[in-house]
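Fold and contact review
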Amino acid sequence: MIQKLDRTECDSALQALDGWTYSRDGDAITKTYKFKSFVMAFGWMSSAAILAEKADHHPEWFNVYNRVDVTLTTHDCDGLSARDFALAKKFDAI
Ligand SMILES: C[C@H](O)[C@H](O)[C@H]1CNC2=NC(N)=NC(=O)C2=N1
């Protein structure tokens, strides 16, 4: 079972990221990515999907045209774990 982070741990992990905010009463983090085109957005999603699969940690996301809304949460602990913040960092580095 993966460990759920407490609020203090989440706050400091969130501070280290850019553009991510809490959602679902602090049980998830969310960010909206904007691209120049649908092709750029979908290309980014392809790279993100490969990273997610490698990490065995999967995003919830919604795409329309050049926008991708990403939500990260850990179903196995019903909240935020280190895996969410690690994947957010990887997504930002694409
Ligand atoms: C069995 C498998 O490792 C788990 O179900 C993984 C897969 N991907 C996952 N992704 C996310 N976001 N949360 C999880 O708890 C999770 N668990």
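Residues numbered from 1 in each chain as written. Predicted model: local features only at pLDDT ≥ 70, side-chain atom pairs only at ≥ 80, totals over all residues. Heavy atoms only, no water.

Per an unreviewed UniProt entry, the protein goes by the name Putative pterin-4-alpha-carbinolamine dehydratase and belongs to Pontivivens marinum. Per UniProt, the protein has the following entry under Catalytic activity (unreviewed entry): "(4aS,6R)-4a-hydroxy-L-erythro-5,6,7,8-tetrahydrobiopterin = (6R)-L-erythro-6,7-dihydrobiopterin + H2O". Recorded under Sequence similarities (unreviewed entry), the UniProt text for the protein is reproduced unchanged: "Belongs to the pterin-4-alpha-carbinolamine dehydratase family." (UniProt positions renumbered as here; feature names shortened; annotations may be inferred.)

As a matter of local geometry, the ligand sits amid Asp-56, His-57, His-58, Thr-73, Thr-74, His-75 and Asp-76. Measuring from an oxygen atom of the ligand, one finds a side-chain N or O atom of Asp-56 at 2.4 Å. Taking His-75, its main chain carries an N or O atom lying 3.1 Å from an oxygen atom of the ligand. Of the residues belonging to the shell around the ligand, the class tally is no nonpolar, 5 polar and 2 charged. (Near = heavy atom within 4 Å. Polar contact = N/O pair within 3.5 Å; in protein donor to acceptor, adjacent residues only side chain to side chain. Nonpolar A, V, L, I, M, F, W, Y, C, P; charged D, E, K, R; others polar.)

Turning to the pairing of strand β4 (residues 67-72), a few remarks are in order. With 5 of its 6 residues buried, β4 lies for the most part within the structure. Of the strand pairs in this sheet, strand β2 (residues 28-34) and β4 are connected by 6 bridges, and their pairing is antiparallel. Within the sheet, the bridge partner assigned to Tyr-33 lies in β4 and is Val-68. As paired elements, strand β3 (residues 60-64) and β4 share 5 bridges and run antiparallel to each other. In the sheet register, Phe-62 faces β4, and the bridge partner there is Asp-69. Between the end of β3 and the start of β4, which pair antiparallel, lie 2 residues, with Tyr-65 showing a positive phi angle near 50 degrees. (Buried < 20%, exposed > 50% of the residue type's maximum accessible area, 1.4 Å probe, protein only. Helix = DSSP H or I, 4+ residues; strand = E, 2+ residues; numbered from the N terminus. Pairing = 2+ DSSP bridges.)

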